[in-house]
Amino acid sequence: MPETGIPDQSTKLVEQKNIVHAIDLLLLHQRFLILLSKALMVYGSPLHYLEDNLGRIARLLDLEVTVSAIPGLILLSFEDSVTHTSETKVIRCANGWDMHRLDETNQLLRRVVYGKIDIPMAVPLLEEIMTAKPIYAWYWQILNWGVISWTLCLVCFDGSWKDSGISLALGLMAGCLNLAAQKFSGYTNFFEVSVSILTGLFGAALSQWGCFGATSLSATVVLLPGLVMTTGVIELSSRHMIAGTVRIFYALLLAFIIAYGLLIGVQIHNQMAGHQVDTLLDLMQCRGLSKWTWFGSFPLGIISISVLVNIHWRHWISVTIVAGVSYGVFWLFKFHLLLDDLAPVVASFVLGLVANIWSKFTGQTAYMILLPGEMFLVPGSVGVRGFSSLLSKDGAQGAQLAMQMITTCLSIMIGLFASTFLVYPRGKRHSAILTV
């Protein structure tokens with residue numbers, strides 16, 4: 001029988017099945033990229049690495065995608081060079097800190113990149129990560145707010161045992177209000193202001209038994225904008241102008257809100273009690289303990305920060321070791337060699353270097369390992385004290401403290417970038433979640 005050149009019915013069915021399979025696979029790849037972008041944003045990946053990671057995965061999946069991200073918003077533009085069409089996905093999601101899920105997401109990405117699992121298997125695994133229950137219950141989070149305030153009052157704000165006890169009580173109050181903000185969406189926008197006002201009010205009422213500057217700053221330490229400011233400076237330096245500008249402006253506004261709330265709380269107390277409490281957050285009036293006691297409370301502070309950002313307990317030892325090495329260098333340069341300007345640069349360099357080397361040999365996410373140690377270095381309280389001085393009409397001291405906050409952020413940025421370049425001079429090939 002002569003060939004007519006017309007394909008038979010079975011050939012058409014095979015071609016149709018191949019086309020349907022290709023379309024299904026393309027849609028599945030797009031779904032994986034959308035879920036991945038949302039997970040990285042929600043769990044705290046730095047934006048200047050988020051775009052890089054999504055671009056790498058898109059090339060691996062043979063997707064033509066343009067990625068743009070700002071805090072709270074991701075734009076994915078899928079293009080088709082064959083049909084000359086494009087489709088843009090707008091993804092809105094809140095920023096957060098969940099290092100356990102970020103680490104699991106990063107480990108899943110590595111398995112995808114190295115071909116250990118395919119996308120049809122990776123999508124349900126990613127969905128399982130995103131729908132998993134928190135690793136720490138709500139009551140542990142409330143208790144943790146108090147523990148953070150207690151430990152950082154001793155280590156960072158020259159507090160005494162009495163000051164740390166007051167900070168513990170005020171931190172527990174702030175933790176309860178944080179739980180209320182999670183349950184009632186209408187209270188979320190008033191959360192920072194209310195915590196600052198109540199902390200200023202009760203801190204001033206208890207000022208005769210403790211140092212007001214140490215207790216108020218340590219009670220609001222979780223709200224302090226140092227990490228946001230540092231991240232904003234780093235993103236500006238990595239040419240992400242919009243994201244960096246948004247974060248820096250938000251950090252300055254948050255510092256102003258906390259300082260203003262504390263001022264209002266103190267003024268309410270002064271009117272009610274009939275005696276005046278100084279509104280300046282002056283730590284020079286605090287009588288702190290010996291600096292050698294820091295090495296006892298420091299590990300507990302690192303563990304409490306790890307609980308705050310949801311780092312799994314099996315990583316506590318590595319996180320404490322990395323942060324301890326960094327803070328030991330900071331302690332040496334600042335208090336023994338008296339090199340205040342070099343202390344944050346060298347400490348952040350050592351922090352990034354140890355975390356990246358640790359990640360290289362253990363496979364753990366370096367960003368998760370270094371984050372608690374970095375939170376000990378960031379100068380959030382400096383910004384709040386600066387705005388407090390400005391509100392108290394001490395313009396010279398306020399401007400000096402604000403400039404100190406910016407220079408410290410720049411120092412941390414230099415140290416982290418230098419350490420990453422030293423470990424990965426040509427960049428990391430498969431995953432760019434390295435540092436802040």
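Our structure's up above, just so we're on the same page.
Residues numbered from 1 in each chain as written. Predicted model: local features only at pLDDT ≥ 70, side-chain atom pairs only at ≥ 80, totals over all residues. Heavy atoms only, no water.

(A) Representation of the overall build of the protein within the structure. When its secondary structure is counted, the protein shows 17 helices and three strands. Sequence-distant contacts in the protein: of pairs separated by 6 or more residues, those separated by 24 or more amount to 72%. When the accessible surface of the protein is summed, it comes to about 21,000 Å², and 64% of that surface belongs to carbon and sulfur atoms. (Helix = DSSP H or I, 4+ residues; strand = E, 2+ residues; numbered from the N terminus. Contact = heavy atoms within 4.5 Å. Areas by Shrake-Rupley, 256 points an atom, 1.4 Å probe, with all protein chains shown as cover.)

(B) How the structure looks around helix 15 (residues 366-377). Relative to the 16 Å expected for twelve residues at 1.5 Å per residue, helix 15 spans 17 Å between its end C-alpha atoms, a close match to the ideal helical length. In terms of residue burial, helix 15 counts as a mostly covered element, since eleven of its twelve residues are buried. Along helix 15, the residues that are buried comprise Ala366, Tyr367, Met368, Ile369, Leu370, Leu371, Pro372, Gly373, Glu374, Phe376 and Leu377. (Expected span 1.5 Å × (residues − 1). Buried < 20%, exposed > 50% of the residue type's maximum accessible area, 1.4 Å probe, protein only.)

(C) View of a nonpolar patch on the surface. Taken together, Trp138, Tyr139, Trp140 and Leu143 make up a surface patch of nonpolar side chains, about 490 Å² in accessible area. Residue tryptophan 140 is classed as partly exposed on the basis of its relative accessible area, which comes to 47%. (Patch = residues over 30% accessible without salt bridge, like charges linked within 9 Å, V, L, I, M, F, W, Y side chains within 5 Å. Salt bridge = Lys/Arg side-chain N within 4 Å of Asp/Glu carboxyl O.)

(D) Up close: the pattern of salt bridges. By the definition in use, this model includes four salt bridges. Of the charged contacts, one joins glutamate 127 and arginine 31 as a salt bridge, the two residues approaching to 2.3 Å between their closest N and O atoms. Of this pair, glutamate 127 sits in helix 4 (residues 119-131) while arginine 31 sits in helix 1 (residues 9-42), and the two are 96 residues apart along the sequence. Judged by relative accessible area, which is 40%, arginine 31 ranks as partly exposed.

(E) Geometry of the side chain of serine 326. Here serine 326 shows up in helix 13 (residues 316-336). Using a relative accessible area of 1% as the deciding quantity, one classes serine 326 as buried. At 3.0 Å, the side chain of serine 326 and the backbone oxygen of alanine 347 are in polar contact. (Polar contact = N/O pair within 3.5 Å; in protein donor to acceptor, adjacent residues only side chain to side chain.)

(F) Seen up close, the packing of helix 3 (residues 99-113) against helix 15. Contact geometry of helix 3 with helix 15 gives a least axis separation of 9 Å together with a crossing angle of 155°. As judged from the angle between their axes, helix 3 and helix 15 are roughly antiparallel. Contact residues: helix 3 offers Met99, Leu102 and Asp103, while helix 15 offers Tyr367, Met368 and Leu371. Within the contact of helix 3 with helix 15, the residues separate by chemical class into five nonpolar, no polar and one charged. (Axes fitted to C-alpha atoms, helices over the stretch in contact; angles between N-to-C directions. Parallel < 35°, antiparallel > 145°, perpendicular 65-115°, else oblique. Nonpolar A, V, L, I, M, F, W, Y, C, P; charged D, E, K, R; others polar.)

(G) Layout of the layout of surface pockets. There is about 390 Å³ of room inside the second largest pocket. What lines the second largest pocket is a set of 18 residues, among which Leu26, Gln30, Leu63, Glu79 and Asp80 lie closest to the centre. For the lining of the second largest pocket, the secondary-structure elements that each account for two or more residues are helix 1, strand 2 (73-80) and strand 3 (85-92). Counting residues per element, the lining of the second largest pocket draws most heavily on helix 1, which supplies six residues. When grouped by side-chain class, the residues that make up the lining of the second largest pocket number eight nonpolar, five polar and five charged. (1 Å grid on protein atoms, 1.4 Å probe; cavity = no way out; pocket = protein on both sides within 12 Å on 5 of 7 lines; lining within 4 Å. Points joined across faces, edges and corners; volume = space filled by probe spheres on them.)

(H) Just the environment of valine 67, in detail. Tracing the backbone shows valine 67 in strand 1 (residues 64-70). Valine 67 sits in the buried class, given a relative accessible area of 17%. Along the chain, valine 67 and serine 37 lie 30 residues apart, while their C-alpha atoms are 9.5 Å from each other. When sequence neighbours within four positions are dropped, the list of residues in contact with valine 67 reads Glu51, Leu54, Leu75 and Leu76.

(I) Up close: the environment of tyrosine 250. Tracing the backbone through its elements, the reader meets tyrosine 250 in helix 11 (residues 241-273). Given the relative accessible area of 41%, tyrosine 250 is considered partly exposed. Put simply, tyrosine 250 and proline 225 are 25 residues apart on the chain and 8.3 Å apart in space, counted from C-alpha to C-alpha.

(J) Seen up close, the packing of aromatic side chains. Applying the stated criterion across every chain, the model contains ten aromatic pairs. Consider the rings of tyrosine 136 and tryptophan 316, whose centres lie 6.4 Å apart with planes at 15°: the pair is stacked. Here tyrosine 136 is found in the loop between helix 4 and helix 5 (138-155), whereas its partner tryptophan 316 is found in helix 13, with 180 residues between them in sequence. Relative accessible area serves as the criterion here: at 24%, tryptophan 316 is assigned to the partly exposed category. Taking 6.3 Å as the distance between ring centres and 5° as the angle between the ring planes, the aromatic pair formed by phenylalanine 256 and tyrosine 260 counts as stacked. Of this pair, phenylalanine 256 and tyrosine 260 both sit in helix 11, separated by four residues, roughly a single helical turn. (Phe/Tyr/Trp six-rings, centres within 6.5 Å; stacked < 30°, edge-to-face > 60°.)

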